[in-house]
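Single-letter residue listing:
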Amino acid sequence: MPRRGGASTAEAFRLRPMAGEPSLSGPGASPPHPEVAHVLSTDRREIFLTFDDGPHPRYTPEILRVLRRHATQATFFVIGERAAAFPGLLRDIADQGHVVANHTWTHPQLPTLPPGAVRSELGRTSSLIDDVLGTAPTLARAPYGAWDDPSLDICNELGMSPVGWAVDSEDWTSPGVPEIVDTVMAEIRPGAIVLSHDGGGGRGQTVGALDRYLPRLLDDGYRPVRITP
């Protein structure tokens, strides 16, 4: 689905949701908005690993090490106030070839905010990322997957495409490493965006599960790649 307000066909292709694909329920997730990508069109066995709520001084580097060990790429949706505390981690993410994307400044439910507050949450985070990395983010994920038309309009005005997810690893429930692995392996399919977390709590299970399921996905012919607008 093109960005609201008119991205070019080439610019919007990668982020066009596949018809009939809902996102699974994440932490307090809203019903999927039809203009938000959850499964990305691909004619290959590409998948899209994403990590929310960081950066975290312990878990983000651990996740980066696992990704580096397996030569795979991911997309990190960072919270602005966390990024302000650990700007060096933003540089580490970008320097290792991953995407740094916008997950608001304080992780609110955007539909509950007036437009000015939504613009501040997204705009302040984009400005920080631009200041640290020299380029503003082109992707955004609403906390809890909660988008409405006004927040999507603001996202578009700030030059970002909205991203959801199709596979919820459920790592946010801390169900145990085997359970996270089983969830991802059972629900993965080509084009799926996978939701995990590198911040927002203890994420040791996320790291342990990634270290188990990532080599299995590679053995099955999947290729984790960056999301690009």
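Above this note sits the structure.
Residues numbered from 1 in each chain as written. Predicted model: local features only at pLDDT ≥ 70, side-chain atom pairs only at ≥ 80, totals over all residues. Heavy atoms only, no water.

*Asks:* Is there a simple way to explain the packing of aromatic side chains in this structure?
*Replies:* Working definition: an aromatic ring pair is given by the centre-to-centre distance plus the angle between the planes. Within the structure shown, the criterion is met by one aromatic pair. Against the face of Tyr222 rests Arg45, its NZ or CZ located 4.0 Å from the ring centre. Across from the ring centre of Phe77, 4.4 Å away, lies the NZ or CZ of Arg141, which sits over that ring. (Phe/Tyr/Trp six-rings, centres within 6.5 Å; stacked < 30°, edge-to-face > 60°. Lys NZ or Arg CZ within 6 Å of the ring centre and 35° of its normal.)

*Asks:* I would appreciate a short explanation of the environment of Thr75 in the present structure.
*Replies:* In this fold, Thr75 is placed in strand β2 (residues 75-78). Residue Thr75 is classed as buried on the basis of its relative accessible area, which comes to 0%. Separated by 26 residues in sequence, Thr75 and Leu49 place their C-alpha atoms 6.4 Å apart. Separated by 3.2 Å, the side chain of Thr75 and the backbone nitrogen of Ile227 make a polar contact. (Helix = DSSP H or I, 4+ residues; strand = E, 2+ residues; numbered from the N terminus. Buried < 20%, exposed > 50% of the residue type's maximum accessible area, 1.4 Å probe, protein only. Polar contact = N/O pair within 3.5 Å; in protein donor to acceptor, adjacent residues only side chain to side chain.)

*Asks:* Help me understand helix α4 (residues 87-95) in this model?
*Replies:* Side chains of residues three or four places apart in an α-helix project in the same direction, reflecting 3.6 residues per turn. By the burial criterion, the buried members of α4 are Leu89, Leu90 and Ile93. Within α4, the buried residues cover an arc of 105° as seen down the axis, which keeps them to one side. Buried residues along α4 sit against α2 (59-69), β2, α3 (80-85), β3 (99-102) and α5 (115-133). Gly97, located one to two residues past α4, shows a positive phi value of around 90°. (Arc of directions from axis to C-beta. Contact = heavy atoms within 4.5 Å.)

*Asks:* What exactly am I supposed to notice about the pairing of β2 here?
*Replies:* Look at any regular strand and the pattern is simple: side chains alternate between the two faces of the sheet. Burial along β2 is two-sided: Thr75 and Phe77 and Phe76 and Val78, pointing in opposite directions, are all buried. Bridge analysis of strand β1 (residues 46-54) against β2 gives four bridges, and the strand direction is parallel. Bridge pairing in β2 places Thr50 opposite Thr75. Sheet analysis places β2 next to β3, joined by four bridges and oriented parallel. Looking at β3, one finds that Phe76 is bridged to Val100. (Pairing = 2+ DSSP bridges.)

*Asks:* For this particular structure, what's the right way to read unusual backbone geometry?
*Replies:* For residues besides glycine, phi is generally negative; the peptide bonds are generally trans as well. Along the chain, Gly54 connects to Pro55 via a cis peptide bond; the corresponding omega equals 5°. For Pro55, the position within the fold is in the loop between β1 and α2. One non-glycine residue, Thr104, lies in positive phi territory at about 75°. One can find Thr104 in the loop between β3 and α5. The exposure class assigned to Thr104 is buried, which follows from its relative accessible area of 0%.

*Asks:* Would you take a moment to explain the side chain of Glu46 for this structure?
*Replies:* Its place among the elements puts Glu46 in strand β1. The class of Glu46 is buried, set by a relative accessible area of 3%. Of note is the side chain of Glu46, whose polar atom sits 3.1 Å from the side chain of Arg223.

*Asks:* Explain the packing of α2 against helix α8 (residues 204-219) here, please?
*Replies:* How two helices sit against one another is set out by the angle between their axes and by the gap between those axes. Contact pair α2 / α8: the axes reach a minimum separation of 10 Å and the direction vectors enclose 5°. It follows that α2 is roughly parallel to α8 by the angle criterion. Residues Tyr59, Glu62, Ile63, Val66, Leu67 and Arg69 of α2 form the contact with α8, whose own contacting residues are Gly204, Thr206, Val207, Leu210, Asp211 and Leu214. Here the residues of the contact of α2 with α8 sort into seven nonpolar, two polar and three charged. (Axes fitted to C-alpha atoms, helices over the stretch in contact; angles between N-to-C directions. Parallel < 35°, antiparallel > 145°, perpendicular 65-115°, else oblique. Nonpolar A, V, L, I, M, F, W, Y, C, P; charged D, E, K, R; others polar.)

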